[in-house]
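# Coordinate analysis (summary)
As a plain string of letters, each chain reads:
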Amino acid sequence: MREIFDAELKQIGDGLVEMSRLVESAITRAGAALLDGEHQLAQDVIASDHEIDRLERELDERCVHVLAQQAPVATDLRVVITALRISSTLERMGDLARHVAEVARGRYPALAVPDAARETFVEINQSAALVARRTSELLATRDVALAEEIERGDDVIDRLHQDTFAATLSPDWSGTSQETIDVTLLARYYERFGDHGVSVARRITYLVTGDFEAEQHAPADV
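As the structure is a prediction and not an experimental result, all values here were calculated from the model. (Residues numbered from 1 in each chain as written. Predicted model: local features only at pLDDT ≥ 70, side-chain atom pairs only at ≥ 80, totals over all residues. Heavy atoms only, no water.)

Our next topic: the UniProt feature "domain: PhoU" (unreviewed entry) in the chain. As recorded in UniProt, the feature "domain: PhoU" (unreviewed entry) lies at residues 16-103 and 131-204. Counted over residues 131-204, helix gives 86% and strand 0%. Its end C-alpha atoms are 14 Å apart. (UniProt positions renumbered as here; feature names shortened; annotations may be inferred. Helix = DSSP H or I, 4+ residues; strand = E, 2+ residues; numbered from the N terminus.)

Another point: the packing of helix α2 (residues 39-70) against helix α3 (residues 74-107). As a packed pair, α2 and α3 sit with axes 9 Å apart at the nearest point and diverge in direction by 165 degrees. Classified by the angle between their axes, α2 and α3 sit roughly antiparallel to one another. Classified by chirality, the crossing of α3 by α2 is left-handed. (Axes fitted to C-alpha atoms, helices over the stretch in contact; angles between N-to-C directions. Parallel < 35°, antiparallel > 145°, perpendicular 65-115°, else oblique. Left-handed = near helix turned anticlockwise from the far one by under 90°.)

On to the nonpolar core. Counting residues in hydrophobic clusters, the biggest one holds 61 residues, and the most contacted among them are L34, L90, F121, L139, L186, Y190 and F193. Put simply, the parts of the chain that give this core at least two residues each are α1 (2-36), α2, α3, α4 (115-141), α5 (145-169) and α6 (177-209). Examining the composition of this core, we find that 13 residues originate from one element, α1, more than from any other. Beyond its immediate stretch of four places on either side in the chain, L34 contacts V100, A104, L111, A112, V113, F121, L186 and Y190. (Core = buried A, V, L, I, M, F, W, Y, C linked by side-chain atoms within 4.5 Å. Buried < 20%, exposed > 50% of the residue type's maximum accessible area, 1.4 Å probe, protein only. Contact = heavy atoms within 4.5 Å.)

Next up on the list: the packing of aromatic side chains. Evaluated as defined, the whole model comprises one aromatic pair. Ring geometry for F121 and Y190: centres 6.3 Å apart, planes at 55 degrees, overall tilted. Pair noted here: F121 is in helix α4 and Y190 is in helix α6, with a separation of 69 residues, a long-range link. According to the relative accessible area criterion, F121 is buried, its value standing at 1%. Y190 sits in the buried class, given a relative accessible area of 1%. Of note, R78 hangs over the ring of Y206, and the distance from its end group to the ring centre comes to 5.1 Å. (Phe/Tyr/Trp six-rings, centres within 6.5 Å; stacked < 30°, edge-to-face > 60°. Lys NZ or Arg CZ within 6 Å of the ring centre and 35° of its normal.)

Packing of α3 against α6 brings their axes to within 10 Å, and their N-to-C directions diverge by 165 degrees. Relative to α6, the element α3 lies roughly antiparallel. In this structure, α3 meets α6 at a crossing whose hand is left-handed. Looking at the contact of α3 with α6 residue by residue, the class counts come to 15 nonpolar, seven polar and seven charged. (Nonpolar A, V, L, I, M, F, W, Y, C, P; charged D, E, K, R; others polar.)

This brings us to α6. Helix length check: α6 (33 residues) gives 48 Å between terminal C-alpha atoms against 48 Å at 1.5 Å per residue, within 8%. Just beyond α6, the residue with positive phi is G210, at close to 75 degrees. (Expected span 1.5 Å × (residues − 1).)

Attention now moves to α4. Look at α4: 39 Å from first C-alpha to last across 27 residues, which is about the 39 Å you get at 1.5 Å a residue. With its phi angle positive at about 60 degrees, R142 sits one or two positions after the end of α4.

Another point: the pattern of salt bridges. A complete count under the given rule lists 16 salt bridges for this structure. In this structure, D14 and K10 form a salt bridge, with 2.8 Å as the shortest nitrogen-oxygen distance. With D14 and K10 both in helix α1 and four residues apart, the pair spans about one turn of that helix. Note that R21 and E24 form a salt bridge whose closest N and O atoms lie 3.3 Å from each other. (Salt bridge = Lys/Arg side-chain N within 4 Å of Asp/Glu carboxyl O.)

It is worth spelling out unusual backbone geometry at this point. Note: most residues except glycine have negative phi, and most peptide bonds are trans. The amide bond that connects Y108 to the next residue, P109, takes the cis arrangement and shows omega of 10 degrees. Here P109 lies in the loop between α3 and α4. Positive phi, close to 60 degrees, is recorded for R142, a residue that is not glycine. Mapped onto the fold, R142 is located in the loop between α4 and α5.

Another point: the side chain of H161. When you line up the elements, H161 lands in helix α5. When sequence neighbours within four positions are dropped, the list of residues in contact with H161 reads I124, A187, R188 and E191.

This paragraph deals with the environment of D6. Note on placement: D6 falls in helix α1. Linking D6 and D76, residues 70 residues apart in sequence, is a C-alpha distance of 9.4 Å.

As structure tokens, this is what we get:
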């Protein structure tokens, strides 16, 4: 029975890694679509979000099955509950990548990000892609040192998010009303993406170390 249970837990863990890899690809491609005005790439990101949603449903069903059939306790229960929470978080990260792609598609053939904000969004997308990559690696290895890198990447995203406020409120800002709205929304999408990466990092840290404080301070999944 233990061998069967361990196999089921491994399937759940592998599913989370697969989901995270798709999220990593989505945010990287969404950023390229946004910055380079690639309409087809934006379309591909939007369409691929259905696959992330499908994986979340499958993972949730698998977790519920394990809870019902195996009635896990202690550490095993913590693993399953953490997986349920992480799958939900990854699904939201996929949604945020889709939102970025939708903005890119909606402004085509123009670029949603004006020249005045381009450098900021190049950097913010690079940081978000790094957070996503480290999240995938963390889920695959449970190396809690990667959690610290995710936190640092999120700090960079938060700083850049604030930079967009300063830019759009500056007297020198020359963007149109639509560009101002797009920059504000896009920066918020990236900021939430980073927060969700931190949520995964803190939940894995809790799972590995039992550090309840880390789990308690995981950002809310909204």
